[in-house]
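Residue strings, one per chain:
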Amino acid sequence: MEDSLGYWDALAALDWQVELGADEAILDLPVDRFDLPAPVPVTKPAPAPVTVSAPVTPATPEVDKVTIARQLAESAGSLETLRAAMEGFEHCDLKRGARNFVFSDGHPSARVMVVGEAPGRDEDQQGKPFVGRAGQLLDKMFAAIGLDRNVDGDGGLYITNMLPWRPPQNRDPKPEELAMMGPFTRRHIELAEPDVVVLMGNHACAGLLGRRGITRMRGNWEDVLGKPAMPMFHPAYLLRNPAAKREAWADLLAIKGRLR
Ligand code: URA
């Protein structure tokens, strides 16, 4: 192939040869196929630009997804538009395996916003966060400090998750899933404007603080988007480790104190 051919001309010539049935390029020198450099991902070029002569290096797919999520999240001006933007987001594979999209429950006017991990089986069936066994415990925990998701305003509780779709077999969220959906959760917090954020378990801490280690982190106030945020043991963990309810109670009292 002549060096003077531009990228698009070269690509068209190659396409034409493939169409003719060519499936092998014979070179002057043999190729050691056991010692090839790692393949570079190739993306389909955009249709019909005629003046570009050099290939544009594509961004890596993961960076792209996070960037798209961030742009969509930032352009959402209300909880309704955020919800629609998230529901229409096609880049998270979890969406294809889930029965329902789970956005939130409770009233966004609540002073306390809980951020959990991801829907489980019951949440996936009902389209609401924290409605299974862990959710029932969560309701009891917050009722003990006078908060209820069915109440609007000061005594209310607003609940969401890092991921709006159920991971298969309830597996842990992957770091790339948390990174991809994180911009939506952050925007969710900005739009709901709670006085206090509760980070339920390690995955909420990883997604919003970039750190995990809930046993050390719980009970210590953190900052999420300028709001006080309390890391707590996840209620599913408390169901398996009832002795840890003592620490959870201390954290609930700290939240109650903060609301005064
Ligand atoms: N666990 C979570 O973190 N969120 C839910 O919605 C249900 C269980």
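Our structure is the block above this text.
Residues numbered from 1 in each chain as written. Predicted model: local features only at pLDDT ≥ 70, side-chain atom pairs only at ≥ 80, totals over all residues. Heavy atoms only, no water.

Moving on, we get to the packing of helix α3 (residues 79-87) against helix α7 (residues 175-192). Packed helices, taken two at a time, are described by the angle their axes make and the gap between the axes. Look at α3 against α7: their axes get within 10 Å of each other, and the N-to-C directions meet at 170°. Classed by the angle they form, the pair α3 and α7 counts as roughly antiparallel. Every pair of crossing elements has a handedness; the one defined by α3 and α7 is left-handed. Every residue of α7 that contacts α3 at Leu79, Leu82, Ala85 and Met86 is listed here: Met181, Phe184, Arg187, His188, Leu191 and Ala192. Considered class by class, the residues forming the contact of α3 with α7 number eight nonpolar, one polar and one charged. (Axes fitted to C-alpha atoms, helices over the stretch in contact; angles between N-to-C directions. Helix = DSSP H or I, 4+ residues; strand = E, 2+ residues; numbered from the N terminus. Parallel < 35°, antiparallel > 145°, perpendicular 65-115°, else oblique. Left-handed = near helix turned anticlockwise from the far one by under 90°. Contact = heavy atoms within 4.5 Å. Nonpolar A, V, L, I, M, F, W, Y, C, P; charged D, E, K, R; others polar.)

This paragraph deals with helix α11 (residues 245-259). Taking 1.5 Å per residue as the helical rise, α11 with its 15 residues ought to reach 21 Å, and the 21 Å between its terminal C-alpha atoms agrees with that figure. All of the buried residues in α11 are Ala248, Asp251, Leu252, Ile255 and Leu259. What you see down the axis of α11 is that its buried residues fit within an arc of 100°, all on one side. Against β2 (112-116), α6 (133-143), β4 (196-200), β6 (227-232) and α10 (235-240) lie the buried residues of α11. (Expected span 1.5 Å × (residues − 1). Buried < 20%, exposed > 50% of the residue type's maximum accessible area, 1.4 Å probe, protein only. Arc of directions from axis to C-beta.)

Further remarks concern the packing of aromatic side chains. On inspection of all chains with the given rule, the structure shows four aromatic pairs. Each ring, one from Phe101 and one from Trp165, has its centre 5.9 Å from the other, and the planes form 55°; the classification is tilted. One end of the pair, Phe101, is in the loop between α4 (94-97) and β1 (105-106); the other, Trp165, is in the loop between β3 (158-161) and α7, and 64 residues separate them in sequence. Phe101 gets classed as buried once you look at its relative accessible area, which sits at 10%. Taking NZ or CZ as reference, Arg258 lies 4.8 Å from the ring centre of Trp221, over its face. (Phe/Tyr/Trp six-rings, centres within 6.5 Å; stacked < 30°, edge-to-face > 60°. Lys NZ or Arg CZ within 6 Å of the ring centre and 35° of its normal.)

Moving on, we come to the site of the ligand. Lining the immediate surroundings of the ligand are Gly116, Glu117, Ala118, Glu123, Pro129, Phe130, Asn161 and His234. Note that a nitrogen atom of the ligand is positioned 3.1 Å from one of the backbone N or O atoms of Ala118. Side-chain polar atom of Asn161 to a nitrogen atom of the ligand: 2.8 Å apart, as the coordinates give it. Of the residues in the shell around the ligand, the class split is three nonpolar, three polar and two charged. (Near = heavy atom within 4 Å. Polar contact = N/O pair within 3.5 Å; in protein donor to acceptor, adjacent residues only side chain to side chain.)

It is worth spelling out unusual backbone geometry at this point. Located in the positive-phi region is Phe130, a residue other than glycine, with phi close to 50°. For Phe130, a relative accessible area of 5% gives the class buried. Unusually for a residue other than glycine, Leu225 sits at a positive phi of about 55°. Mapping Leu225 onto the fold places it in the loop between β5 (222-224) and β6.

Moving on, we come to the pattern of salt bridges. Tallying each qualifying case throughout the model produces eleven salt bridges. In this structure, Lys95 and Glu90 form a salt bridge, with 2.9 Å as the shortest nitrogen-oxygen distance. Note that Glu177 and Arg171 form a salt bridge whose closest N and O atoms lie 2.7 Å from each other. Its relative accessible area of 25% is what places Arg171 among the partly exposed residues. The structure contains a network of salt bridges with shared partners spanning Glu90, Asp93, Lys95 and Arg96. (Salt bridge = Lys/Arg side-chain N within 4 Å of Asp/Glu carboxyl O.)

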